[in-house]
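Secondary and tertiary structure notes
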Amino acid sequence: MFKSLGTIAIAALAGAALAGTALAQDFSFKFQSSDPAGNPNFVLQQGWAAGVSDKTGGRIAIELLPVESIVAHNETQDAIAAGILDGHVTDTSYFAGKDPAFGLIANPVGAWSAPQEMFDFMSKGGGNALMNELLEPYGLHFIGATTPGLEAFVSKKKLEGVADLQGLKLRAPEGLVQQVFAAAGAAPVNLPGSEVFTSLDKGVIDAADYSVFSTNHAQGMHDVAPNPVYPGFHSMPLVEISINKGKWDALPDDLKTALEESVAEFAQTQVAALAANDLKAVEEAKASGKVTVTDWPAEERAKFRTIATGEWAKVAERSENARKVYDTLTGYLKENGLMQ
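None of the values given here were measured: they were computed from a predicted structure.

1. Here we look at the confidence of the model for the chain
Summary statistics for the chain give a mean pLDDT of 92 and a share of 92% for residues scoring 70 or more. Contacts of residues 1–23 to residues separated by more than four positions or lying in other chains number 31 contacts, the stretch itself having pLDDT below 50.

2. With respect to the sheet that holds strand β5 (residues 153–155)
If you trace the four strands from one edge of the open sheet to the other, you get β5-β8-β6-β7, paired in mixed fashion. The open sheet has two edge strands, β5 and β7 (187–189), and neither has a second partner. Pairs of neighbouring strands in the sheet enclose a mean axial angle of 25°, with direction left out of account. For strand β6 (residues 169–171) and strand β8 (residues 207–209), the ladder comprises two bridges, and the chain directions are parallel.

3. Focus: the nonpolar core
Core analysis: the largest hydrophobic core is formed by 57 residues, its most contacted members being Phe 153, Phe 181, Phe 304 and Trp 312. Looking at this core element by element, the count peaks at six residues for helix α14 (residues 320–335). Sequence-distant contacts of Phe 304, defined by excluding residues within four places in its chain, comprise Val 109, Val 162, Leu 165, Val 180, Phe 181, Ala 184, Phe 233, His 234 and Trp 296. Core analysis: the next-biggest nonpolar cluster, separate from the first, contains 23 residues, Phe 31, Val 89, Val 263 and Ala 273 among them.

4. So, unusual backbone geometry
For the peptide bond that leads from Tyr 230 to Pro 231, omega is -5°, which places it in the cis range. If you trace the backbone, Pro 231 turns up in the loop between α10 (221–224) and β9 (239–244). Despite not being glycine, Glu 68 shows a phi value in the positive range, around 70°. With respect to the secondary-structure elements, Glu 68 resides in the loop between β2 (60–65) and α3 (76–81). Residue class for Glu 68 comes out partly exposed when judged on its relative accessible area of 45%.

5. Looking at the sheet that holds strand β3 (residues 87–91)
Spatially, five strands are ordered β2-β1-β3-β9-β4 in an open sheet, and the strand pairing comes out mixed. Each edge of the sheet is formed by a strand with only one pairing partner; in this case those strands are β2 and β4 (140–146). Neighbour to neighbour, the strand axes of the sheet diverge by 25° on average, direction disregarded. Against the sheet, helix α6 (residues 127–135) engages β4 and β9, with an angle of about 145° to β4. Against the sheet, helix α12 (residues 253–288) touches β1 (27–33), β2, β4 and β9, its axis set at about 30° to β4.

Rules used in this analysis
Residues numbered from 1 in each chain as written. Predicted model: local features only at pLDDT ≥ 70, side-chain atom pairs only at ≥ 80, totals over all residues. Heavy atoms only, no water. pLDDT = per-residue confidence, 0-100. Contact = heavy atoms within 4.5 Å. Pairing = 2+ DSSP bridges. Helix = DSSP H or I, 4+ residues; strand = E, 2+ residues; numbered from the N terminus. Axes fitted to C-alpha atoms, helices over the stretch in contact; angles between N-to-C directions. Core = buried A, V, L, I, M, F, W, Y, C linked by side-chain atoms within 4.5 Å. Buried < 20%, exposed > 50% of the residue type's maximum accessible area, 1.4 Å probe, protein only.

Shown next as structure tokens:
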């Protein structure tokens, strides 16, 4: 298993020490993350990179770089294909401009109530195979998926259900997330993450799709938007860990297996660590007396999902791959009782 968040720095040092020993590295890879240095997700990802060295007896060494280190966050796919990078840890939806299928599989808004539901779809419902069908023509191989978990919702106004989204000025990423919120009656706007706090504070927006509860809380979002919805009802991004296909093909089978196992283990570690952080942050927020945490009832979540699934169907019409993702996803949800 990978190290807990408190021992990641030690693990990284141990991995670096191992790299300098007589155990020569057979393969050395440079990966770029879509998260900045110091972000909880990036810190956990560093633990994954160190853990790969441990798991393979030093035969694989991964240098993990923060966002924008070599190329922009939405250029890593091309950089990997060109050999500028060897791999990335990134939100798949950044590449929806190349094929809407990337956006649909990355974040089928309203689909998942818990990370394990998504992980099961990927491993048992055809998600992993779909990812490689999408990625391999671009020169990448998909190793596995992780996620920070179900994102909480940041709001200045109390939101108790879908009706309260009417006219709500909210920040949401371009693509399917914006599309679904617009269909629900909200007024989504484009804003980079760096402007969310200031925009909430100045009243430019009333709410935001941003991140998990603990990250929102640590960054002071609840100081200016004290009515979060938790657990979230909308977004749980698929974060892919992928590698240059030629370099994947050159790996011996035992190292391919080790990498796949490392990502599956890391996914559980990341989810558990951030979920624990969320619970602590929720208690702290409630104890402050200044934050009102709302949990939407099942019927309101179902209403939102109904709106979202209508938008999935529209995305499915935009490419052959998007149709394949839609059919596989909805078939799986229905077969497993996850879709009314």
